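Fold and contact review
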Amino acid sequence: MVDPHKLPEDRSEAGFGDYKPALGPAQALAEANRCLYCADAPCVQKCPTGIDIPEFIRKISTGNLKGSARTILDANIFGMSCARVCPVEVLCVGGCVYNEMDAPPIAIGRLQRYATDAALAENWRYFEAGPASGRSVGLVGGGPASLAAAHELRRRGHACTIYDAGHWLGGLNTTGVAPYKLRADDALAEVAYVLEIGGIAVESGVQVGRDVTWDGLLARHDALFVGVGLGADRALDIPGKELAGIDGAVAFIEKFKLGRVDLAAVKRAVVVGGGNTAVDAVRELVGLGVPEVTMLYRGDEAAMSGYEHEWKAAKIEGVRALWHTQPTAYLGRGGRVAGMRCVKLGADKRPLPGEVFEVPAELVLLAIGQARLGELVAGLEGVQLEGGRIVVDADGATGHSRVFAGGDCANGGKEVVNAVAEGKRAALAIDRALTAGASK
C-alpha cells in the first residue's frame, strides 16, 4: 500500500527536476564547517519540531553522518521530507545568525537532506516499539500528523491503527507537494520507513461517517487522534462553472503527481489565488510545458500570502500576474473553458466601473482555499469548532477527554513541519493520559 514502486513510472511529475539539488560529501563538509554552533541557536527556536540543528551539523563536520541523522529523526521522524519542503527561508535558515552578518546563511535544509537521505538509503534504524502497554489508539487520517503521532506512540508501546479515506498514505506529502520539492515515490518511501517501527495497522479506504462511526472508533480504542487535513478545493460560484477544463489546484496537482495529465491542447492556463498553492500550481504548469501561465489575484503583490522566494522563482520562470483582478464568469467554447471574464478592483476591493476584460485560457485552476473538514467531527461530543478548525490546546487536546487533534484540521493549513510537531506533541499527551489511567 505504501510501496513507491506501485506508482506509474510515467506519471507526469517524473519530468520535473530537483529545485534544490542534493549536496555532495565535499559540499556538505564545507558547508557544515561554516556553522558557528551557536549555544542559543536562533535556528532551533525557529524550527517547529525543535531539531538540535547545531548538533546535527557538528556531527556532519566530524564524519558522524549516522549520528547526525539520528539527531534529526529523534526530533522529527519526517526529517527527510521536511528538509525538502520546509520554507527554510522563513524558518531555520531565516533565523541563522549569518543573516545579521551580511553573509550567506547556513544551508540547513540541504544539510538535513544530506543526512536523512543517507538514513533512508541505508535503512539506518534508530527506534524500536516500546513494551506493549495494552492500550490502543486510533488515528484518523494518514498524513504526517497522524503518522508522526503513531510513530511516537509506538515508541511508548501503544498499539496504533490508522484509518485513511484514500489509497496512498502520506497526505499532501504524497499527493500535493510540488514535485520539484518532493516526488510521490520519495514521500511513500519515507512513509514505509516510518511504518517499519512495526505495530501500526493501516485501514485504507475507510471514511468516518460512511464506513465507521466515531462511537465505533471510541469503542475500539482508548484514545483517538484526528489528523484529517483539509477538504476539497473551494469553487467559484460564477456563470460557466460547469465547463470542462476547470479544476481545483490541489486536485489537479494530485492527478499529475500520481498519474498522467495531457496538456497538449493547453496553450494558456490561469490560476486563481495568491497563496502557496497558487504559486506551486503556476510553477508546475510551466514545468509541464504550458507556454503561457497567468496568476489572477484580487490583491496586490505585497498582499499575497504565498512565500516571496517561491513567487520570485515563478516570475523568473515566466509566470505573469494580474493584480487587483476578480473573475466574474467563465468563458466557454464547445463545452470547454476558453477563458475568464474579469473586473479590475480598486484599493477598497470594489469593482472599478468599466474596467472589465477577458483572459483567454484552456485550463483554469482554483487555488482559493480548501473546505474545512472540521465539520466531520461536529457530532463528536465535546469537540468544538472555530472557523472550521478543531479547537485544541497546546497539547492537541480537545474538549473530549479521549480525543486529540493536530495538523491542518486544527491549524488551518500550515506546513508539514507544523503537522509533524503537533502530531508528536499530541502523542506525548496521549501517552501521559493513558499512563495516568493505567496507574489508577
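Residues numbered from 1 in each chain as written. Predicted model: local features only at pLDDT ≥ 70, side-chain atom pairs only at ≥ 80, totals over all residues. Heavy atoms only, no water.

As recorded in an unreviewed UniProt entry, the chain goes by the name NAD(P)-dependent oxidoreductase, listed as coming from Nannocystis radixulma.

1. Points about the UniProt feature "domain: Dihydroprymidine dehydrogenase" (unreviewed entry) in the chain
Feature annotation in UniProt places "domain: Dihydroprymidine dehydrogenase" (unreviewed entry) on residues 16–123, given in this structure's numbering. End C-alpha to end C-alpha, residues 16–123 measures 26 Å, and it is 54% helix and 0% strand. (UniProt positions renumbered as here; feature names shortened; annotations may be inferred. Helix = DSSP H or I, 4+ residues; strand = E, 2+ residues; numbered from the N terminus.)

2. Details of the pattern of salt bridges
Two side chains carrying opposite charge are able to pair once their charged atoms lie near each other. Counting across every chain of the model gives 27 salt bridges. The shortest N-O distance in the salt bridge between E362 and R268 comes to 2.6 Å. Within this pair, whereas E362 is found in the loop between strand 11 (351–360) and strand 12 (363–366), its partner R268 is found in strand 6 (residues 268–272), the two being separated by 94 residues in sequence. Residues joined in a network through salt bridges with shared partners are R11, E13, R183, D185 and K257. (Salt bridge = Lys/Arg side-chain N within 4 Å of Asp/Glu carboxyl O.)

3. With respect to helix 4 (residues 65–75)
Within helix 4, 8 of the 11 residues are buried, which leaves it mostly tucked inside the rest of the structure. Listed as buried for helix 4 are L65, G67, S68, A69, T71, I72, L73 and A75. (Buried < 20%, exposed > 50% of the residue type's maximum accessible area, 1.4 Å probe, protein only.)

4. Things to note about the sheet that holds strand 5 (residues 246–248)
Either a parallel or an antiparallel arrangement is found when strands of a sheet pair, and the pairing is made through backbone hydrogen bonds. Within the open sheet, the 5 strands sit side by side as 5-12-6-7-8. Their pairing is parallel. Each edge of the open sheet carries a strand with a single partner, namely strand 5 and strand 8 (320–322). The mean angle between the axes of side-by-side strands here comes to 25 degrees, regardless of whether they run parallel or antiparallel. Here 3 bridges tie strand 7 (residues 292–296) to strand 8, and the two strands are oriented parallel to one another. When the sheet's bridge partners are listed, L296 is paired in strand 8 with L322. (Pairing = 2+ DSSP bridges. Axes fitted to C-alpha atoms, helices over the stretch in contact; angles between N-to-C directions.)

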